[in-house]
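# Notes for the structure review
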Amino acid sequence: MQDVDEALILRCSKCSTAAEPDSNQAQCAVCGALLELVAPPPKVRGDALRRIFADRRGTHGGRDTSGVWRYRELLAVRADDVITFPEGNTPLIHGGRAAHWAGCPTLRVKHEGLNPTGSFKDRGMTVGITQAKRVGAWAVACASTGNTAASMAAYAARAGIPALVFIPAGKVAMGKLSQALAYGARTLVVRGDFDACLELARRAARELGIYLLNSVNPYRLEGQKTIVLEMLEQCGWDAPDWIALPAGNLGNTAAFGMALAAARDCGLISRVPRLLAVQAEGAAPFAHAFDVGFEALQPIRPNTVATAINIGDPASYDRAVRSIRETDGIVTTVSDTELLEAKAVIDAAGIGCEPASAAAVAGVRRMIREGVISDDADVVSVLTGHVLKDPEATVGYHGQSVPGRALSNPPVEIDATIDDLRRTLDRA
Ligand code: AN7
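Just so it is clear, the model here is predicted, and its values are computed rather than measured.

### A look at the sheet that holds strand E5 (residues 108-111)
Spatially, the 6 strands line up as an open sheet ordered E4-E5-E13-E10-E11-E12, and their pairing is mixed. Since the sheet does not close on itself, it has two edges, and those belong to strand E4 (92-94) and strand E12 (330-334), each with one partner. Neighbour-to-neighbour, the strand axes of this sheet turn through a mean angle of 30°, independent of strand direction. In this structure, E4 lies alongside E5, joined through 3 bridges in antiparallel fashion. Along E5, the bridge assignment pairs Leu92 with Lys110.

### Some points on the site of the ligand
The local shell around the ligand holds 23 residues, among which Asn147, Thr148, Gly248, Leu250 and Thr384 are the closest. In the model, an oxygen atom of the ligand is placed 3.2 Å from a nitrogen or oxygen of the Gly251 main chain. Thr384 places a side-chain nitrogen or oxygen 2.7 Å from a nitrogen atom of the ligand. Computed on the free molecule, the ligand has an accessible area of 470 Å², of which 98% lies beneath the protein chains in the complex. Of all the elements in the fold, those that place two or more residues in the shell around the ligand are helix H4 (147-159) and helix H8 (251-265). Here the residues of the shell around the ligand are counted per class, giving 10 nonpolar, 11 polar and 2 charged.

### Here's the deal with unusual backbone geometry
Between Phe85 and Pro86 the backbone carries a cis peptide bond, its omega angle lying at 15°. By secondary structure assignment, the location of Pro86 is in the loop between helix H1 (46-56) and E4. Positive phi, normally seen in glycine, also occurs at Ser16, with a value near 70°. At Asn89, a position not held by glycine, the phi torsion is positive, near 60°. Tracing the backbone through its elements, the reader meets Asn89 in the loop between H1 and E4. A relative accessible area of 36% means that Asn89 is categorised as partly exposed.

### Section: the side chain of Glu87
Along the polypeptide, Glu87 turns up in the loop between H1 and E4. Despite its burial, Glu87 pairs with no opposite charge; the closest candidate is Arg123, at 7.9 Å N-O. The contact partners of Glu87, leaving out residues within four places of it in the chain, are Ser66, Gly67, Val68, Trp69, Asn115, Pro116, Asp122, Arg123, Thr126 and Tyr155.

### Re the sheet that holds strand E3 (residues 35-38)
What the 3 strands build is an open sheet, ordered E2-E1-E3; its pairing is antiparallel. Lying at the two open borders of the sheet, with one neighbouring strand each, are strand E2 (18-19) and E3. Where strand E1 (residues 9-12) and E3 come together, 4 bridges link them in antiparallel fashion. Among the inter-strand pairings, Ile9 is bridged to a residue of E3, identified as Val38. Seen against the sheet, helix H7 (residues 218-234) touches E1 and E3 and runs at an angle of roughly 55° to E3.

### Description of the environment of Ala102
Among the secondary structure elements, Ala102 is positioned in helix H2 (residues 97-102). In this structure the C-alpha to C-alpha distance between Ala102 and Leu188, which are 86 residues apart in sequence, comes to 39 Å. The contacts of Ala102, once residues within four sequence positions are left out, are Leu107, Val361, Val364, Arg365 and Ile368.

### Section: the packing of aromatic side chains
Under the criterion given, the structure shown has 7 aromatic pairs. Arranged with centres 6.3 Å apart and planes meeting at 75°, the rings of Phe294 and Tyr317 form a pair that is edge-to-face. With Phe294 in the loop between helix H9 (285-291) and helix H10 (317-326) and Tyr317 in helix H10, this pair connects stretches of sequence that are 23 residues apart. The class of Phe294 is buried, set by a relative accessible area of 11%. The rings of Phe286, Phe290, Phe294 and Tyr317 are connected pair by pair, giving a single aromatic cluster. The side chain of Arg158 reaches across the aromatic face of Phe85, ending 6.0 Å from its centre.

### A look at helix H5 (residues 174-182)
Among the residues of H5, those classed as buried are Gly175, Lys176, Gln179 and Ala180. The arc that holds every buried residue of H5, seen down its axis, measures 135°, which confines them to one face. Away from its buried face, by an angle of more than 90 degrees, H5 presents the exposed residues Leu181 and Ala182. If you follow the buried residues of H5, they end up packed against H4, strand E7 (163-168), strand E8 (186-190) and helix H13 (391-399).

### Regarding the pattern of salt bridges
Evaluation of the coordinates by the stated rule reveals 27 salt bridges. In this structure, Glu281 and Arg366 form a salt bridge, with 3.8 Å as the shortest nitrogen-oxygen distance. Note that Glu281 is positioned in the loop between strand E11 (274-280) and H9 and Arg366 in helix H12 (residues 355-369), a separation of 85 residues in sequence. Of the charged contacts, one joins Lys343 and Asp347 as a salt bridge, the two residues approaching to 2.7 Å between their closest N and O atoms. Here Lys343 pairs with Asp347, and both are found in helix H11 (residues 336-348), just 4 residues apart, close to one helical turn. A single burial state applies to Lys343 and to Asp347, both of which are buried. By sharing partners, the salt bridges in this structure join Arg70, Lys110, Glu112, Arg123 and Glu230 into a single network.

Quick notes on the rules
- Residues numbered from 1 in each chain as written.
- Predicted model: local features only at pLDDT ≥ 70, side-chain atom pairs only at ≥ 80, totals over all residues.
- Heavy atoms only, no water.
- Pairing = 2+ DSSP bridges.
- Helix = DSSP H or I, 4+ residues; strand = E, 2+ residues; numbered from the N terminus.
- Axes fitted to C-alpha atoms, helices over the stretch in contact; angles between N-to-C directions.
- Near = heavy atom within 4 Å.
- Polar contact = N/O pair within 3.5 Å; in protein donor to acceptor, adjacent residues only side chain to side chain.
- Areas by Shrake-Rupley, 256 points an atom, 1.4 Å probe, with all protein chains shown as cover.
- Nonpolar A, V, L, I, M, F, W, Y, C, P; charged D, E, K, R; others polar.
- Buried < 20%, exposed > 50% of the residue type's maximum accessible area, 1.4 Å probe, protein only.
- Lys, Arg positive; Asp, Glu negative; His and termini not counted.
- Salt bridge = Lys/Arg side-chain N within 4 Å of Asp/Glu carboxyl O.
- Contact = heavy atoms within 4.5 Å.
- Phe/Tyr/Trp six-rings, centres within 6.5 Å; stacked < 30°, edge-to-face > 60°.
- Lys NZ or Arg CZ within 6 Å of the ring centre and 35° of its normal.
- Arc of directions from axis to C-beta.

Limitation: the analysis is restricted to geometry and does not speak to function.
And the structure:
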């Protein structure tokens with residue numbers, strides 16, 4: 001088995017100019033496009049490969065227990081001395097009442113919020129931090145709308161590497177901010193939006209030699225591919241018709257396309273699901289570009305309650321375009337009202353997620369209503385973050401009765417007497 005891959009190549013995703021795989025370089029020195037990792041195709045394919053993945057599930061301890069490293073034959077990485085929690089191993093479950101709300105009775109959700117730090121970011125971070133450690137990084141940094149910061153802070157702490165996070169002032173949910181602080185990252189609250197934070201983090205990487213762990217780092221995307229690989233395995237390698245996901249900086253959209261291509265090329269799936277990337281109306285540069293045939297990306301000033309995807313100038317745009325094109329995918333939008341309603345339904349189903357994650361389910365509902373997706377289609381929606389990430393959004397939704405919020409569930413204050421309890425219950 002090719003565990004340690006000497007033939008790992010880092011090259012420009014546009015002009016193919018080669019770069020040094022162990023450098024701290026995310027962009028092509030010639031054309032400025034993002035770099036990508038390439039490894040030779042695995043020597044095993046189809047059933048033999050499926051068996052390798054399945055056998056590792058029965059092990060205890062070490063990298064095989066990770067829902068990331070278990071799929072290493074399909075990742076362009078070196079898999080020695082990994083820093084793993086482990087992560088992944090997230091459930092694929094029926095959407096319950098959220099499926100019916102979406103108008104897709106068989107809708108399933110893959111709950112990436114059940115990763116160690118509560119979001120899918122841990123899948124890319126185990127690979128990114130392992131690489132940071134390999135190259136002897138003296139510090140790691142990221143710009144973040146919150147989840148990347150939380151994940152990087154935890155994995156950096158596990159690896160013993162100092163961490164620096166740049167987050168936009170007033171635009172990060174409390175659960176995520178508290179994690180960055182708790183895990184001991186140096187937390188810089190930047191007067192500016194996420195896009196300004198990313199610009200600053202990239203400069204810090206260049207000028208101060210700090211190892212950058214945003215999803216512009218190609219190792220991150222290799223790990224994020226396993227969301228799709230694990231999902232396909234849970235589907236018995238019988239691919240769904242559609243995979244829906246929320247889209248912000250577009251790292252995941254890029255990684256999903258890469259994973260589907262790899263699964264197809266290795267004979268693991270016989271047909272490729274279509275991707276449905278969903279953005280919030282107020283932060284939808286990718287959807288706007290899709291509407292004009294990806295003619296050009298027009299960066300915007302973002303504004304949505306789903307702070308995780310409040311991004312106006314997505315870094316992985318080019319590779320995400322490739323994913324949508326190669327999967328005959330679609331990019332759509334939902335309003336903040338729609339995504340908050342979706343969140344309330346997912347939460348009330350006992351599943352729970354943060355607002356950005358719910359956008360994907362709201363997008364499925366919209367596409368079914370518009371007849372783009374048929375109601376008997378096999379759809380899997382990825383829930384990217386945990387319900388505890390954004391308590392303000394949840395309490396804000398339920399805290400007051402707003403007309404039209406049928407699912408609002410406000411807390412009720414009572415006296416500490418059985419009589420008042422009886423009166424209150426009678427009223428309900
Ligand atoms: C819950 O943490 O960009 O389109 O800095 O936290 O791959 O960016 C988070 C993004 C969806 C969007 N759902 O994914 C960050 C950050 C949740 C997220 C996205 C994010 P991408």
